[in-house]
Amino acid sequence: MPALRNLFSLIGYVVKFIVMFPAFAFVWFATLTVMLALLSADRQLSDILLIALVAVCAVRVCAYYDEDLARDLAKILPFAVLSVFLVGTSSPDIPASLEVLAQVSQGWATIFYYWLFLVALELGLRFVFAIFKGIFSGNKREQPAPEADSTTAPTSDD
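Note that the coordinates shown come from a computational prediction; the quantities given were computed from them, not determined experimentally.

## Looking at the packing of helix H1 (residues 2-39) against helix H2 (residues 45-65)
Then step 1. Where H1 contacts H2, the two axes come as close as 9 Å, and the packing angle between them is 135°. Relative to H2, the element H1 lies oblique. Where H1 crosses over H2, the two elements pack in a sense that is right-handed. Taking contact as the criterion, the partners of Phe17, Phe21, Ala25, Trp28, Phe29, Leu32, Thr33, Leu36 and Ala37 in H1 are, on H2, Ile48, Leu49, Ile51, Ala52, Leu53, Ala55, Val56, Arg60 and Tyr64.
Then step 2. Among the residues forming the contact of H1 with H2, the class breakdown is 16 nonpolar, 1 polar and 1 charged.

## Regarding the environment of Asp72
Then step 1. Its location among the elements puts Asp72 in helix H3 (residues 67-87).
Then step 2. Asp72 gets classed as partly exposed once you look at its relative accessible area, which sits at 42%.
Then step 3. Between the C-alpha atoms of Asp72 and Val59, which are 13 residues apart in sequence, the distance is 9.2 Å.

## What about the nonpolar core?
Then step 1. Formed by 23 residues in total, the largest nonpolar core has its most connected members in Phe29, Leu32, Leu36, Leu49, Leu53 and Leu118.
Then step 2. At the level of elements, H1, H2 and helix H5 (108-139) are the ones that each hand at least two residues to this core.
Then step 3. At 9 residues, the largest contribution of residues to this core is made by H2.
Then step 4. Contacts of Leu36, omitting those with residues within four sequence positions, involve Ile48, Ile51, Ala52 and Val81.

## Notes on the pattern of salt bridges
Side chains carrying opposite charge are able to pair once their charged atoms draw close together.
Then step 1. For the structure shown, the criterion picks out 3 salt bridges.
Then step 2. The salt bridge involving Arg71 is made with Glu67; its shortest N-O contact spans 3.8 Å. Here the residue Arg71 and the residue Glu67 both occupy positions in helix H3, the gap between them amounting to 4 residues, near one helical turn.
Then step 3. Classification of Glu67 by relative accessible area gives exposed; the value is 55%.
Then step 4. In this structure Arg71 comes out as partly exposed when scored by relative accessible area, which is 41%.
Then step 5. One salt-bridge network, held together by shared partners, links Glu67, Asp68 and Arg71.

## So, the environment of Leu125
Then step 1. With respect to the element layout, Leu125 can be found in helix H5.
Then step 2. Here the alpha-carbon distance between Leu125 and Val61, two residues 64 residues apart in the chain, equals 7.2 Å.
Then step 3. Setting aside its immediate chain neighbours within four residues, Leu125 contacts Arg60, Val61 and Tyr64.

## A word on the layout of surface pockets
Then step 1. Its boundaries defined by the atoms lining it, the largest pocket holds a volume of some 710 Å³.
Then step 2. As for the largest pocket, its lining consists of 24 residues, of which Trp28, Val59, Arg60, Ala70 and Ala74 are closest to the centre.
Then step 3. Those elements giving two or more residues to the lining of the largest pocket turn out to be H1, H2, H3 and H5.
Then step 4. Residue composition of the lining of the largest pocket, grouped by class: 18 nonpolar, 1 polar and 5 charged.
Then step 5. Considering only enclosed or pocket space, the second largest pocket measures out at about 170 Å³ in volume.
Then step 6. As for the second largest pocket, its lining consists of Leu36, Leu39, Ser40, Asp42, Arg43, Ile48, Ile51, Val81 and Val84.
Then step 7. Those elements that place two or more of their residues in the lining of the second largest pocket are H1, H2 and H3.

Rules used throughout
- Residues numbered from 1 in each chain as written.
- Predicted model: local features only at pLDDT ≥ 70, side-chain atom pairs only at ≥ 80, totals over all residues.
- Heavy atoms only, no water.
- Axes fitted to C-alpha atoms, helices over the stretch in contact; angles between N-to-C directions.
- Helix = DSSP H or I, 4+ residues; strand = E, 2+ residues; numbered from the N terminus.
- Parallel < 35°, antiparallel > 145°, perpendicular 65-115°, else oblique.
- Left-handed = near helix turned anticlockwise from the far one by under 90°.
- Contact = heavy atoms within 4.5 Å.
- Nonpolar A, V, L, I, M, F, W, Y, C, P; charged D, E, K, R; others polar.
- Buried < 20%, exposed > 50% of the residue type's maximum accessible area, 1.4 Å probe, protein only.
- Core = buried A, V, L, I, M, F, W, Y, C linked by side-chain atoms within 4.5 Å.
- Salt bridge = Lys/Arg side-chain N within 4 Å of Asp/Glu carboxyl O.
- 1 Å grid on protein atoms, 1.4 Å probe; cavity = no way out; pocket = protein on both sides within 12 Å on 5 of 7 lines; lining within 4 Å.
- Points joined across faces, edges and corners; volume = space filled by probe spheres on them.

Structure representation (structure tokens):
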């Protein structure tokens, strides 16, 4: 029975960290790519894809370091894109943006490599996180709390 439990645990781990997390990251990568393409029609698709990938990877790396930091960074990104839109001197060129997005059909190889990078990044971060967790949690042992010594405590009589 323990072998079956370990097998299910391994399958759950693989589904969670090798399938689900990279899939969610890729969905946000696609969303950010569309947002950036709509706001920067003068950039090439390869530049937009790279910027979106870097932003998603930064959030994933921050998530392993500090979840609150990653959450704050993920909240700030849409506002940064919106601020670029609002402060920009030119209005968005929708036809040019749609032309950039139409280039996606020719860039599937690049997108696939970026997805592989997301999977590799997730595996690498998971591996490093497991090592650090094993190293640093192994060094911490429960130490008894020091007892208060009543002879050294200041009194109100002084």
